[in-house]
Amino acid sequence: MVGYDPQEKVELTSTEYAVAGGVSGFITRAACNPLDVIKIRFQLQVEPIKKSQHGGKYKSIPQAIVTLFREEGITAFWKGHVPAQLLSLIYGAVQFAVFEQLTKQAWEQLPPEACSGSWKPALHFVCGGLSAMAATCACQPVDVLRTRFSSQGEPKVYHSIPQAVSAMWREGGPRTFYRGLSPTLVQIFPYAGFQFATFAMFTSAWESISDQGGVKTLVCGAGAGVVSKTLVYPLDVVKKRLQVQGFDHARRSFGQVRAYTGLVHCVQCMLREEGTRGLFKGLSPSLLKAACASSLIFFLYEQCCHALRLSHRVYTYR
């Protein structure tokens, strides 16, 4: 179960929840990174994503896969994988540890009826959003690194993490590592909130019909990922555009580049040049990734927690 359960006989520590979150995030990232690379390329493309002479370099998911493989090789689908894995470890560990602690505090401070039943999704929305904001602040520099590695073409500008960190520091100091933080925080609270809330709603509905644990978690997790990602997707596009500011020289082979002064200016320029559809560029691979990632991370997290509780029982029995 995701979230504090007063009926659970074996209570894990915050460190154990962090381990479960980190492990599930690590495995999920390795499986979904190719979809993330395609999504980022779509989000950063100024030209329309369509099959016509007026379209940009990437026109569809199949065409993007073929183009990436032909021009950059199989390793292109795991560009930025090292910082992405570091991001997933930190993010997963902080998010789930904070989420479990917040839901536990809620159970201890609020009436039981405010933490269960029809109120449970609301509680999980708040706790999920707050835990995601804490995780975001902890790993934003790694997220910026990951985005830059994923978005650079050939020849590469960054060849290693130390070289990238040094170049980014010279470019704009510590502020470079927190580019896009404002839209990220604005986006991540409702995204994670809806993800945890809809997961709680879907699992409650599923349990009223059946209780097939593994299948239930996978299906409900996928549904939660799709719903939450769709609701806040435009902010994710804006965040990616802001994260690669000052990195235009590495992306000129992909098409046009733009300079934005901030969140509002970025949105205004995108609406003027690309229309409303510009705010939803890369939605298809993003939803596919969201469904896969959300189902996997909830499933793996529950399995890790279950394994840790079993180890407690075995140790106690001995």
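The following refers to the structure shown.

### A closer look at the pattern of salt bridges
Here comes step 1: Within this structure, the stated rule accounts for 8 salt bridges.
Here comes step 2: The shortest N-O distance in the salt bridge between Glu 72 and Arg 41 comes to 3.1 Å. Taken together, the residues span a long stretch of sequence, with Glu 72 in helix H2 (residues 61-72) and Arg 41 in helix H1 (residues 14-44) at a distance of 31 residues. Side by side, Glu 72 and Arg 41 carry an identical accessibility label, which is buried.
Here comes step 3: We note a salt bridge from Glu 207 to Lys 216, for which the minimum N-O separation is 2.9 Å.
Here comes step 4: Residue classification places Lys 216 among the buried residues on the basis of a relative accessible area of 9%.
Here comes step 5: In the salt-bridge network here, residues are joined through shared partners; they are Lys 39, Lys 229 and Asp 236.

### Some remarks on a nonpolar patch on the surface
Here comes step 1: Together, Val 19, Val 23, Phe 26, Ile 27 and Leu 89 make up an exposed nonpolar region whose accessible area comes to about 380 Å².
Here comes step 2: A total of 4 residues in the nonpolar patch trace back to one element, the largest contributor, which is H1.
Here comes step 3: Assignment of secondary structure puts Leu 89 in helix H3 (residues 81-109).

### Details of the state of the cysteines
Here comes step 1: This model, assessed by the stated rule, comprises 0 disulfides.
Here comes step 2: Free of any disulfide, Cys 220 has its nearest cysteine sulfur in Cys 292, 16 Å distant.
Here comes step 3: Here Cys 220 falls in the buried class, since its relative accessible area comes to 3%.
Here comes step 4: Free of any disulfide, Cys 269 has its nearest neighbouring cysteine sulfur in Cys 266, separated by 7.2 Å.
Here comes step 5: The class of Cys 269 is buried, set by a relative accessible area of 7%.

### Considering helix H6 (residues 181-207)
Here comes step 1: With 27 residues, H6 extends 38 Å between its outermost C-alpha atoms, agreeing within 8% with the 39 Å of an ideal straight helix rising 1.5 Å per residue.
Here comes step 2: At Ile 188, H6 is bent by approximately 25°, the largest bend along its length, and proline Pro 190 sits one to four residues beyond.

### Quick notes on the packing of H3 against H6
Here comes step 1: It is the contact of H3 with H6, at a shortest axis distance of 14 Å, that shows an interaxial angle of 65°. Between H3 and H6 lies a crossing whose hand is right-handed. Seen from H3, the contacting residues are Tyr 91, Gln 95, Phe 96 and Phe 99; seen from H6, they are Ile 188, Ala 192 and Phe 196.

### Thoughts on the packing of aromatic side chains
Here comes step 1: Following the criterion strictly, the structure yields 10 aromatic pairs and no others.
Here comes step 2: Both rings, one in Tyr 233 and one in Phe 280, keep their centres 6.3 Å apart while their planes meet at 25°; by these two values the pair is stacked. One end of the pair, Tyr 233, is in helix H7 (residues 213-243); the other, Phe 280, is in the loop between helix H8 (263-274) and helix H9 (283-317), and 47 residues separate them in sequence.
Here comes step 3: For Tyr 233, a relative accessible area of 0% corresponds to the buried category.
Here comes step 4: An aromatic cluster is built from Phe 96, Phe 99, Phe 196, Phe 199, Phe 298 and Tyr 301, whose rings are joined through pairwise contacts.
Here comes step 5: Seen from the ring of Tyr 191, Lys 229 lies directly overhead, with NZ or CZ sitting 4.8 Å from the centre.

### Things to note about the side chain of Gln 85
Here comes step 1: Note on placement: Gln 85 falls in helix H3.
Here comes step 2: With residues up to four places along the chain from it excluded, the contact list for Gln 85 reads Gly 25, Phe 26, Arg 29 and Ala 30.

### Some details on the nonpolar core
Here comes step 1: Counting residues in each nonpolar core, the largest one holds 18 residues, and the members touching the most others are Val 2, Phe 96, Phe 196, Phe 199, Phe 298, Tyr 301 and Cys 305.
Here comes step 2: Counting residues per element, the ones that place at least two in this core are H1, H3, helix H4 (120-151), H6, H7 and H9.
Here comes step 3: Of all the elements, H9 adds the most residues to this core, at 4 residues.
Here comes step 4: Aside from chain neighbours lying at most four places away, what touches Phe 96 is Val 2, Tyr 17, Gly 21, Ser 24, Phe 196, Ile 297, Phe 298 and Tyr 301.

Cut-offs used in this document
- Residues numbered from 1 in each chain as written.
- Predicted model: local features only at pLDDT ≥ 70, side-chain atom pairs only at ≥ 80, totals over all residues.
- Heavy atoms only, no water.
- Salt bridge = Lys/Arg side-chain N within 4 Å of Asp/Glu carboxyl O.
- Helix = DSSP H or I, 4+ residues; strand = E, 2+ residues; numbered from the N terminus.
- Buried < 20%, exposed > 50% of the residue type's maximum accessible area, 1.4 Å probe, protein only.
- Patch = residues over 30% accessible without salt bridge, like charges linked within 9 Å, V, L, I, M, F, W, Y side chains within 5 Å.
- Areas by Shrake-Rupley, 256 points an atom, 1.4 Å probe, with all protein chains shown as cover.
- Disulfide = S-S within 2.5 Å.
- Expected span 1.5 Å × (residues − 1).
- Bend = angle between axes of the 7 residues up to and from the residue.
- Axes fitted to C-alpha atoms, helices over the stretch in contact; angles between N-to-C directions.
- Left-handed = near helix turned anticlockwise from the far one by under 90°.
- Contact = heavy atoms within 4.5 Å.
- Phe/Tyr/Trp six-rings, centres within 6.5 Å; stacked < 30°, edge-to-face > 60°.
- Lys NZ or Arg CZ within 6 Å of the ring centre and 35° of its normal.
- Core = buried A, V, L, I, M, F, W, Y, C linked by side-chain atoms within 4.5 Å.

These results come straight from atomic positions and should not be treated as a statement about function.
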